[in-house]
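Observations on the three-dimensional arrangement
So the chains spell out like this:
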Amino acid sequence: MRDALVVADVHAPAVVHGVHDSDGISRWSCLARRTGLYGGWEAVEWAWLPPGGVSGEHLHSRTEELYFLLRGRGEIRLDGTAHAVRAGDAVLTGIGSRHALHNTGRRPLSWLVVELPAVFPRPRRSSEEEHSVNSIVVRDLRAHGPLDAQSVLTGPLRTIHVQDLPPHAGVEFAARGTEHTVFVLSGTGTARTADREVRLASGTALTLPLGGSVRLWAGDGGMEFFHAVLDVPLPGERQLAA
């Protein structure tokens, strides 16, 4: 049986030299990967750059990617256009796009990465969407969420948003036709399943596989978290896609 809850944190990251053929070092942690999940995740990751650091430009020829900026400020080069970004912004990079990230601030820059397989061939858009792009920068996800990622990307990522729980408030997630990943941004709390309890703090990540359920409770000071939802095909749909 698959684990009912995947728990990870960012407190012991690996050091990476020359990420995407750039100079210098970065830090990286894998928070969840495809193994042990039913949905089309490639990985959920945490990444970090020092002041002046660069994650080099690269082409997305097979996967799509979400960046959610956690701390700091920088510049993302997306399909040849530079965009200033800072904590709270989200970037959706579609299939066939290029991007690179540069830390332009005086403090470290960190961000979440959700990488997913793209759909081939790219689905045809409606006439109203014909001129839309497949990569965007979303300013301040807190103000503009929840965001429907399927309006931009082709793959299984459904919605992303930031949620703020008041002290001692709770919320429940059930993975019915979906899987969920949560990353605690600030505050403390507790995650409870039928047979497990996990303490939550800033930097803790939870990924909920298909069929599971979890209830989150905020601590005395409340808790803010990032939440992404992934569509998981029904068994018959998975067979047709294979």
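Predicted, not measured: the structure shown is a model, and the values here were computed from it. (Residues numbered from 1 in each chain as written. Predicted model: local features only at pLDDT ≥ 70, side-chain atom pairs only at ≥ 80, totals over all residues. Heavy atoms only, no water.)

1. Re the nonpolar core
In this structure, Leu-31, Leu-66, Phe-68, Leu-157, Ile-160, Phe-183 and Phe-226 are the most contacted members of the largest nonpolar core, which totals 32 residues. Taken together, the elements giving at least two residues each to this core come down to strand 3 (25-33), strand 4 (43-49), strand 6 (63-71), strand 9 (90-93), strand 11 (109-117), strand 14 (157-165), strand 16 (178-192) and strand 19 (213-231). When sequence neighbours within four positions are dropped, the list of residues in contact with Leu-31 reads Val-6, Ala-8, Asp-9, Val-10, Val-44, Glu-45, Trp-46, Leu-112, Phe-183 and Ala-205. Counting residues in hydrophobic clusters, the runner-up holds 17 residues, among them Phe-173, Ala-175, Ala-191 and Phe-225. (Core = buried A, V, L, I, M, F, W, Y, C linked by side-chain atoms within 4.5 Å. Buried < 20%, exposed > 50% of the residue type's maximum accessible area, 1.4 Å probe, protein only. Helix = DSSP H or I, 4+ residues; strand = E, 2+ residues; numbered from the N terminus. Contact = heavy atoms within 4.5 Å.)

2. Let's talk about the environment of Pro-50
Along the chain, Pro-50 falls in the loop between strand 4 and strand 5 (54-59). With 55 residues separating them along the chain, Pro-50 and Gly-105 place their C-alpha atoms 8.9 Å apart. Those residues within four positions of Pro-50 in sequence are excluded, and the remaining contacts are Ile-25 and Asn-103.

3. Here we look at the confidence of the model for the chain
Confidence in the prediction for the chain averages 89 pLDDT; 89% of positions are at 70 or higher. Between the elements of the chain, mean pLDDT differs from a low of 45, seen in helix 2 (residues 235-241), to a high of 98, seen in strand 16. Here residues 125-132 scores under 50 on pLDDT; set against residues more than four positions off or in separate chains, the count is six contacts. Across residues 236-242, confidence stays below pLDDT 50; counting only partners more than four residues off in sequence or on other chains, it has four contacts. (pLDDT = per-residue confidence, 0-100.)

4. Quick look at the sheet that holds strand 2 (residues 14-17)
Spatially, the seven strands line up as an open sheet ordered 2-3-4-11-6-9-12, and their pairing is antiparallel. Pairing within the sheet leaves two strands with one partner each, and these edge strands are strand 2 and strand 12 (135-138). Recorded for the sheet is a direction-independent mean angle of 25° between the axes of neighbouring strands. Sheet topology note: the strand 3/strand 4 ladder contains six bridges and is antiparallel. Paired with Cys-30 across the two strands is Glu-45, which belongs to strand 4. (Pairing = 2+ DSSP bridges. Axes fitted to C-alpha atoms, helices over the stretch in contact; angles between N-to-C directions.)

5. A look at unusual backbone geometry
The omega torsion across Gly-145 and Pro-146 is -5°, close enough to zero to call that bond cis. Here Pro-146 shows up in the loop between helix 1 (141-144) and strand 13 (147-148). Positive phi, close to 50°, is recorded for Asp-79, a residue that is not glycine. Along the polypeptide, Asp-79 turns up in the loop between strand 7 (73-78) and strand 8 (81-86).

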